[in-house]
Amino acid sequence: MEVFNIEDELNKLPHKPGVYIMHDENEAILYVGKALDLHNRVRQYFRSGHGHNNSPKILKMVSQISFFEYIITASEMEALVLECNLIKEYRPKYNTLMTDDKGYPYIMITINDDFPRIMKSHRMKRDKNLYFGPYTDNKAVNDTIHLIKKLFKIRNCNRDLDNRKNNDRPCLYYQIGECPGPCAGLISKEEYHKYIDKAASFLNGNTKDILKELTDQMKQQAADMEFEKAAETRDLIESINKISEKQRINATSTDDRDIIALARNNEDAVISIFFVREGTLLGRENHHMNIDVNDTDTEIITAFVKQYYMATPYIPKEILTVSPIEETELITEFLTDKKGQKVTILVPQKGDKKGLVKLASDNANLVLSQDIERIKRQEKRTIGACKEIADIIDKENVSRLEAFDISNISGYHSVASMVVFIDGKPKRNAYRKFRLRTVEGPDDYASMKEVLSRRFTNETLGDFPDVLMMDGGKGQVHIAEAVLNSLGLEIPVCGMVKDDNHRTRGLYYKDKEVEFKEGSEAIRMITALQDETHRFAITYHKLLRSNEQVKSILDDIKGIGTRRKKALLLHFKDIDAIKQASIEELAAVDGMNIKSATEVYNFFN
């Protein structure tokens, strides 16, 4: 890289809005920021006497800047969006960051379908469906959906009812009284939509009429001496009461609002956010922030608001905060545009709203005192373990680890697994499986050479690792180093070495074995990585062998193609379990229906 002259580059900065990115000498990103005027803003970092440069954190960051780059945008709004996206992607060292990344499930009704379904959605889209939430508990969402389907007789299948035939047989749920049978034309669209309307009303919190109806039904069943049915209805009433238990915290308002409060010490901060929907406290969440001792409350709250609302799909009409935020006008404009209606951000000074913020603040302080030690222990096990490895290989930072393993039985179906750990924790959606193409027989070295070549020449497999971890010693390490050298890549390679009892004992790096101290967090993480790599490869290998062994059996069943065969094998694991399954159990498998389940059941029975 040619020499970067900071003074010359500062003079070239345009008087335009955009995002600036600070790099160190190793090209790592130190900080991402946005500016209405890039020329004026970026120059401030390198000029003494400016207010924000008095912070020791900023001074330390500036001392490490080797070069910077910038991206011009059409407006400050575009710069705000780009800044948030880059911070989320690169997680720069000197930005104030949320340390957790939660998902916020919704309950969705496909309201414009002829016969709508109710299901969970991980994000709210701008489509024609009806959304309820966000909810803070995945299990509660699943339980609620299950109850609603049972209570209001909402169809449970995913059949295409637009192409149904009038003589189709109704499914199992119709037979047990939990579906009105739209699949067989046994209910009109208008009648079915009455069930949907009741379900939507329930999700909006209107449970009073439903509870009264069920209570009357329970009493009548008891009077008729149908005690089992009465007991079932009683249990249903209890479930509804449990799900609809909500704390009414502001009966004077039906607006949706979020309440954001902060608790902090010199190193850690907890943000508590309370969700109020139609005057009802729906739930709360706590987020931990990495901060610097010199960060102000305003800076921390601002960083949270930008990162949180960039990621979550639902924006309330009002956001109450314990401290004012920076760039209120710009952030409010962005949230208003995202929501499609006016959003207000304010710091309440008195009354009920100030009481809500105090409630959230009390919660944040409680979480900070209770959780901080637990969080630090967890970070020691994960980020601390990565730091140990970074020290061993003399790198400033290690985040992404990749490990590979070859699995074969006498050369049968040689396969490989790629397992990814990021910041000491498994990143399962980045795992990959490889079926060997060019190697026949049990040749682990040739197999590893093929797999690594495919991994590092396929751009779709994600970012390259900070460290490549090989399951073995010198031989595997040298194979990996040869592949990387042939591709012109400089990535440290370590071998995960086991002792005579097959326990991970250390790393093989640069032709030397490094042993860890007793109680090392790094050795625990490496052991977990090695075990996970073995498990993933063996699971894939078993699946391939299982597919091979049952191919002729399942392919002889009418209506069972490749997709359903794979779904059955993944669900039941082996052919014996499929043979023993009932029609109901078979029909519950993804992609199956009563007709195909009956075919499978009859074939084996």
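Residues numbered from 1 in each chain as written. Predicted model: local features only at pLDDT ≥ 70, side-chain atom pairs only at ≥ 80, totals over all residues. Heavy atoms only, no water.

Peer 1: Whenever I open this one, the side chain of Arg 454 confuses me. Can you help?
Peer 2: The residue Arg 454 is located in helix H14 (residues 444-456) in this model. Judged by relative accessible area, Arg 454 falls into the buried class, the value being 19%. A polar contact is formed between the side chain of Arg 454 and the side chain of Glu 450, at a distance of 2.8 Å. Once you skip the residues sitting within four places of it in the chain, Arg 454 turns out to touch Phe 434, Arg 435, Leu 436, Arg 437 and Leu 461. (Helix = DSSP H or I, 4+ residues; strand = E, 2+ residues; numbered from the N terminus. Buried < 20%, exposed > 50% of the residue type's maximum accessible area, 1.4 Å probe, protein only. Polar contact = N/O pair within 3.5 Å; in protein donor to acceptor, adjacent residues only side chain to side chain. Contact = heavy atoms within 4.5 Å.)

Peer 1: I tried to follow the packing of H14 against helix H15 (residues 474-486) on my own but got confused; where do I start?
Peer 2: Packed helix pairs are characterised by how far apart their axes lie and by the angle those axes make with each other. The geometry of H14 relative to H15 is characterised by a closest axis approach of 9 Å and an angle of 35° between their N-to-C directions. Helix-helix and strand crossings are classified by hand; for H14 and H15 the assignment is right-handed. Only Gly 475, Gln 476, Ile 479, Ala 480, Val 483 and Leu 484 of H15 make contact with H14, whose side of the interface consists of Asp 444, Tyr 445, Met 448, Lys 449, Leu 452, Ser 453 and Phe 456. Per-class residue counts for the contact of H14 with H15 are eight nonpolar, three polar and two charged. (Axes fitted to C-alpha atoms, helices over the stretch in contact; angles between N-to-C directions. Left-handed = near helix turned anticlockwise from the far one by under 90°. Nonpolar A, V, L, I, M, F, W, Y, C, P; charged D, E, K, R; others polar.)

Peer 1: So what exactly am I meant to see when it comes to the packing of aromatic side chains here?
Peer 2: Pairs of aromatic rings are described using the distance from one ring centre to the other and the angle between the two planes. For the structure on display, the rule yields 10 aromatic pairs. Relative to Phe 68, the ring of Phe 46 has its centre 6.2 Å away and its plane inclined at 35°; by these criteria the two rings are tilted. With a gap of 22 residues between them, Phe 46 in the loop between helix H2 (38-44) and helix H3 (56-63) and Phe 68 in strand S3 (residues 67-72) connect regions that are remote in the sequence. Members of the aromatic cluster, connected to one another through ring pairs, are Tyr 20, Tyr 31 and Tyr 45. (Phe/Tyr/Trp six-rings, centres within 6.5 Å; stacked < 30°, edge-to-face > 60°.)

Peer 1: Got a minute to help me understand helix H13 (residues 383-392) in this structure?
Peer 2: Listed as buried for H13 are Ala 385, Cys 386, Ile 389 and Ala 390. Projected down its long axis, H13 shows its buried positions confined to an angular sector of 145°, all on one face. Positive backbone phi, approximately 60°, marks Asp 394, located one or two places after H13. (Arc of directions from axis to C-beta.)

Peer 1: In this structure, what is going on with the sheet that holds S3? I would like to understand it.
Peer 2: Strand pairing in a sheet relies on backbone hydrogen bonds. The paired strands run either parallel or antiparallel. Read from one edge to the other, the open sheet built from three strands follows the order S2-S1-S3, with strand pairing classed as antiparallel. Two strands in the sheet have a free side with no partner beyond their single neighbour: strand S2 (29-35) and S3. Each strand axis lies, on average, 20° off the axis of its neighbour in the sheet, ignoring direction. Across six bridges, the pairing between strand S1 (residues 18-23) and S2 is antiparallel. Opposite Val 19, over in S2, you have Lys 34 as the bridge partner. (Pairing = 2+ DSSP bridges.)

Peer 1: Sorry, what's going on with the sheet that holds strand S7 (residues 130-132) here?
Peer 2: The strand order across the open sheet built from three strands is S6-S5-S7, with neighbouring strands paired in antiparallel fashion. Strand pairing shows two members of the sheet lacking a second neighbour, strand S6 (118-121) and S7, which therefore form its edges. With strand direction ignored, the average angle separating the axes of adjacent strands in the sheet is 30°. Taken together, the four bridges between strand S5 (residues 106-109) and S6 define a ladder with antiparallel strand orientation. When the sheet's bridge partners are listed, Tyr 106 is paired in S6 with Ser 121.

Peer 1: I'm lost on the pattern of salt bridges in this one. Help?
Peer 2: Side chains that differ in sign of charge can pair as their charged atoms come close. Taken as a whole and assessed by the stated rule, the structure comprises 22 salt bridges. For Lys 358, the salt bridge goes to Asp 362, with nearest N and O atoms at 3.0 Å. Placement of both Lys 358 and Asp 362 in helix H12 (residues 351-381) is noted, with a separation of four residues, approximately one turn of the helix. Take Lys 358: its relative accessible area is 51%, and that puts it in the exposed class. A salt bridge links Glu 532 to Arg 428, with the nearest nitrogen and oxygen atoms 3.7 Å apart. Taken together, the positions of Glu 532 in helix H16 (residues 521-554) and Arg 428 in the loop between strand S16 (425-426) and strand S17 (432-435) put the pair 104 residues apart, joining distant regions of the chain. Judged by its relative accessible area of 54%, Arg 428 is exposed. Look at the salt bridges and you will find they share partners, linking Lys 34, Glu 76, Glu 83, Lys 306 and Glu 327 into a network. (Salt bridge = Lys/Arg side-chain N within 4 Å of Asp/Glu carboxyl O.)

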